[in-house]
Amino acid sequence: MTILKRLLKRPLTSSDLHRLAGHNMMKPPLPKAMFEAAASLVGKSGVSLLDYWRKAFSIQLDEIAAQKTWQGQRARLLKLVLTEQGWCDVFASTNDIEAPGVWGHLVSEVELFTAFSKEHWKGILLQRYIIALLSAACLEELAAKIYAFSRIKKLELDLHSEYYREILKLDLQINKMIDEMVDAYDDEGALELAGVKDDVINPLIADQYKLLALVAEQIANSQIDIASVKEKIDAFDVRKRELAAVFLASVPESPVT
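The structure displayed is predicted, hence computed values, not measured ones.

Criteria and cut-off values
- Residues numbered from 1 in each chain as written.
- Predicted model: local features only at pLDDT ≥ 70, side-chain atom pairs only at ≥ 80, totals over all residues.
- Heavy atoms only, no water.
- Helix = DSSP H or I, 4+ residues; strand = E, 2+ residues; numbered from the N terminus.
- Contact = heavy atoms within 4.5 Å.
- Lys, Arg positive; Asp, Glu negative; His and termini not counted.
- Charge placed at Lys NZ, Arg CZ, Asp CG, Glu CD.
- 1 Å grid on protein atoms, 1.4 Å probe; cavity = no way out; pocket = protein on both sides within 12 Å on 5 of 7 lines; lining within 4 Å.
- Points joined across faces, edges and corners; volume = space filled by probe spheres on them.
- Expected span 1.5 Å × (residues − 1).
- Bend = angle between axes of the 7 residues up to and from the residue.
- Buried < 20%, exposed > 50% of the residue type's maximum accessible area, 1.4 Å probe, protein only.
- Phe/Tyr/Trp six-rings, centres within 6.5 Å; stacked < 30°, edge-to-face > 60°.
- Core = buried A, V, L, I, M, F, W, Y, C linked by side-chain atoms within 4.5 Å.
- Salt bridge = Lys/Arg side-chain N within 4 Å of Asp/Glu carboxyl O.

Another aspect to go through is the overall build of the protein chain. Counting its regular elements, the protein chain contains eleven helices and zero strands. Reading the helices (α) and strands (β) of the protein chain from amino to carboxyl end gives α-α-α-α-α-α-α-α-α-α-α. Structurally, the protein chain occupies a C-alpha span of about 70 × 50 × 25 Å along its principal axes. Restricting to contacts in the protein chain with at least 6 residues of sequence separation, those with at least 24 account for 72%. Charge-centre separation for the protein chain: the mean point of 31 positive side chains lies 13 Å from the mean point of 36 negative side chains.

Approximately 590 Å³ is the volume attributed to the largest pocket. Considering the residues around the largest pocket, the lining is formed by 18 residues, among which Gly43, Val47, Tyr52, Phe116 and Gln127 are closest to the centre. For the lining of the largest pocket, the elements supplying multiple residues, two or more each, are α4 (49-65) and α8 (121-146). Ranked by the residues each element gives to the lining of the largest pocket, the list is headed by α4, at six residues.

Moving on: helix α2 (residues 14-26). Taking 1.5 Å as the rise per residue, α2 with 13 residues should run 18 Å; its terminal C-alpha atoms sit 17 Å apart, in good agreement. The sharpest bend along α2 comes to roughly 45°, located at Leu20. The complete set of buried residues in α2 reads Asp16, Leu17, Leu20, Ala21, Asn24 and Met25.

With respect to the element layout, Ile59 can be found in helix α4. We classify Ile59 as partly exposed; its relative accessible area is 44%. For the pair formed by Ile59 and Ser14, sequence separation is 45 residues and the distance between their alpha carbons is 9.7 Å.

The tally for this structure, following the rule as stated, stands at six aromatic pairs. Relative to Phe57, the ring of Trp53 lies with its centre 5.1 Å away and its plane at 15°, an arrangement referred to as stacked. Of the two residues, Trp53 and Phe57 are both situated in helix α4; the distance of four residues between them amounts to about one turn of the helix. No difference in accessibility class separates Trp53 from Phe57, as the two residues are buried. The rings of Trp87, Phe113 and Trp121 are connected pair by pair, giving a single aromatic cluster.

In terms of nonpolar packing, the biggest core is built from 72 residues, with Leu17, Phe57, Leu77, Trp103 and Tyr147 touching the most fellow members. Contributions of two or more residues to this core are made by α2, α4, α5 (70-94), α6 (100-103), α8, α9 (151-183), α10 (187-221) and α11 (226-250).

By the element assignment, Val196 lies in helix α10. Accessibility expressed as a relative area gives 10% for Val196, which makes it buried.

Let's shift gears to the pattern of salt bridges. A full pass over the atoms with the stated rule returns 14 salt bridges. We note a salt bridge from Glu166 to Lys240, for which the minimum N-O separation is 2.6 Å. Of this pair, Glu166 sits in helix α9 while Lys240 sits in helix α11; the two residues are 74 residues apart in sequence, bridging distant segments of the chain. Looking at Glu166, the relative accessible area reads 31%, which means it is partly exposed. The salt bridge involving Asp207 is made with Lys210; its shortest N-O contact spans 3.8 Å. In this pair, Asp207 and Lys210 are both assigned in helix α10, three residues apart and thus about one turn of the helix distant.

Printed below as a string of structure tokens:
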């Protein structure tokens, strides 16, 4: 029946989706070492990370099934993939940065993190990364089975990930410089650099996020307008080069030798 629904582009029920994803929910597709770690990681409630993921993934399947059309289900699935992929991008971009002051703004309003003090955020982010890996992989498998997930769509998702990581790199590099100044007791320099970032760099980052949101919308509901997106990215690159000169001229010299 699900094959017929796929061919006729008919929406699937929650039962359909749970059945198709059942093998992954029973045995989550993780490397052996990561699977064992996730299975043994049990919170105060007695729920393992794997069972936490199973519950979250089941809710995602219900969200997809709640859409009234096949096209709507496909769009919702792709948006969920983008969300999970985004957590993978955040983890990859912050993995080598211990200080939560550098990247904490990325998670500070997420309920999963606000329930814990910042000293625990690194571990929480690792757990969220494992959940994201699982969900993204299982959702993409579903998309390939029933929602016309093509090689082109995969390339679009990769482009979104690459551009998101580029935005994060710009943001976090400067935040790391500020954090290093604070560690060196150069509070005046850190404040000055933070002011430059607020005035010069953050407006550019905000505009890049707007383009990222447009790309996500196109991925979910149609396809990326490559020519238009490239034109905007090229314009941002020009703007970056112009702002780089302003930024470098404004950066205070570090007292650390």
